[in-house]
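Here is what each chain is made of, one letter per residue.
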Amino acid sequence: MASSTAEARAFFVFGDSLVDNGNNNYLATTARADSPPYGIDYPTGQPTGRFSNGLNIPDLISEEIGSEPTLPYLSPELDGEKLLIGANFASAGIGVLNDTGVQFANILRMPRQLEYFREYKERVSSLVGEEEMDRLVKGGLVLIVLGGNDFVNNYYLVPYSLRSLRYSLPDYVRLVISEYKKILMQIYDLGGRRVLVTGAGPLGCVPAELAQRGNNGQCSAKLTEAAGLYDPQLTEMLKQLNSELGADIFVAVNTNLMNTNFISNPQAFGFVTSTEACCGQGPNNGLGLCNRFSNLCPDRSLYAFWDPFHPTERAGRFIVQQMMIGSRKYMSPMNLSTIMALDSRI
């Protein structure tokens, strides 16, 4: 662990509910995790806005890089010295495209998250000066988790969505990738120099999709096809960007493979199930939201999924472990341990 906040690396988080740690609590939206049993295994035992039973992926990365957990950007506690830890700008429900998640009303879409990052930089500048702010941001680690909602809460939200009427799936994937590239270039222009970019993950195999679209316990074919098209093109786009920029700025995080390991063989990881959510209702506990009226499993460590869409803290630890030490098939061009070792020499 780093001996002080000043020595630890700043950490910046952008994206959706997989990494939101409370921004949506401050917004008038239905996409929130601010009531029990969310947070049942969090140190305080209280819901925090994280879509988890306990810690989420950004918390676990902070642990690994020896930093305090980042605060949500909208939290009044994010002030003074706390700003030097970094900030979490993520907001549940958003996607790469601005029309993703319209049903959730007031959420921080990517233009707003980036606007807040600019504002964050100004606040840090007035605290420590521009030069030190620039060093902090460029030396920081960035995590961005986007894309899943563009399929789940847009293209496939309803049988004949506007996007699916207008675009074939391959064309839609190309659209999402081209828009994502613009977002990543903005992060680079704002100073992001080590950016972890996750793939779409196991879209078709989460309990929500098994309950709604699965066939005899099989993953949803449509969403599995979408992720299968999207992830390789995302990796290719990141490779091209790195080549254009002449440096390994963007790291492709193969979350699909990381999740597939314990989804296809949960027992090998000590889980009893990867098809049923711990908290939910209906088939696979995959319908509706997780709330105080839901079924709730007594032992969260035995479940890969906490609610219909999100991993348990324990599953998150396996994912972050692969981010730290995974081979090139998980982390391309390098894992987080390598990044930390390289950057410590600079």
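Residues numbered from 1 in each chain as written. Predicted model: local features only at pLDDT ≥ 70, side-chain atom pairs only at ≥ 80, totals over all residues. Heavy atoms only, no water.

The name that an unreviewed UniProt entry assigns to the protein chain is GDSL esterase/lipase, with the source organism given as Heracleum sosnowskyi.

## Notes on the environment of R328
Heads up, the condition is: A run of H or I in DSSP counts as a helix once it spans at least four residues, and a run of E counts as a strand once it spans at least two, with each numbered from the N terminus. Distance and chemistry together define a polar contact, namely a pair of N or O atoms within 3.5 Å, with one atom able to donate a hydrogen and the other to accept it when in protein, and with adjacent residues in sequence counting only for side-chain atoms on both sides.
By the secondary structure assignment, R328 is in the loop between helix 10 (313–325) and strand 10 (331–332). Spatially, the C-alpha atoms of R328 and N254 are 9.3 Å apart, while their sequence positions differ by 74 residues. A distance of 3.5 Å separates a polar atom in the side chain of R328 from the backbone oxygen of P333.

## Let's talk about the packing of aromatic side chains
Here is the rule we go by: Between rings of Phe, Tyr and Trp, where Trp is taken as its six-membered ring, a pair exists when centres lie within 6.5 Å; planes separated by under 30 degrees are stacked, by over 60 edge-to-face, and by other angles tilted. We call a charge positioned above a ring when the Lys NZ or Arg CZ atom is no farther than 6 Å from the ring centre and deviates by at most 35 degrees from the ring normal.
Per the counting criterion, the structure on display carries 21 aromatic pairs. Judged by centre distance (5.8 Å) and plane angle (80°), the rings of F271 and F318 are edge-to-face. A residue pair is termed long-range when its members are at least 10 positions apart, and F271 in the loop between helix 9 (255–264) and strand 6 (273–277) and F318 in helix 10 qualify at 47 residues. Joined through ring pairs, the aromatic side chains of F12, F14, Y73, F89, Y116, F117 and Y120 make up one cluster. Lying across the ring of Y188, R193 places its NZ or CZ 3.9 Å from the centre. In this structure, R314 is placed above the aromatic ring of F271, and the distance from its NZ or CZ to the ring centre is 4.8 Å.

## A short note on helix 9
This is how the line gets drawn: Exposure classes here rest on a 1.4 Å probe applied to the protein chains alone. A residue is buried below 20% of its type maximum, exposed above 50%, and partly exposed in between. Working definition: the arc comes from the directions between the helix axis and the C-beta atoms, pointing outward to the latter.
Every buried residue of helix 9 is accounted for by T255, N256, M258, N259, F262 and I263. Down the axis of helix 9, the sector holding all buried residues measures 165°, keeping them to one side.

## Considering the state of the cysteines
Threshold: Throughout, disulfides are identified as pairs of cysteine sulfur atoms within 2.5 Å of each other.
Taken as a whole and assessed by the stated rule, the structure comprises 3 disulfides. With a sulfur-sulfur separation of 2.1 Å, C278 is cross-linked through a disulfide to C297. Looking down the S-S bond of the C278 and C297 bridge, the torsion is -100°, so its handedness is left-handed. Taken together, the residues span a long stretch of sequence, with C278 in the loop between strand 6 and strand 7 (279–280) and C297 in the loop between strand 8 (295–296) and strand 9 (303–305) at a distance of 19 residues. Both residues of the pair, C278 and C297, belong to the buried class.

## What to know about unusual backbone geometry
Between P36 and P37 the backbone carries a cis peptide bond, its omega angle lying at 5°. Among the structural elements, P37 can be located in the loop between strand 1 (11–15) and helix 1 (57–64). The linkage connecting S332 with the following residue, P333, adopts the cis geometry, with an omega of 10°. In this structure, P333 sits in the loop between strand 10 and helix 11 (336–344). A positive phi angle, near 60°, is found at N284, a position not held by glycine. Locating N284 in the fold gives a position in the loop between strand 7 and strand 8.

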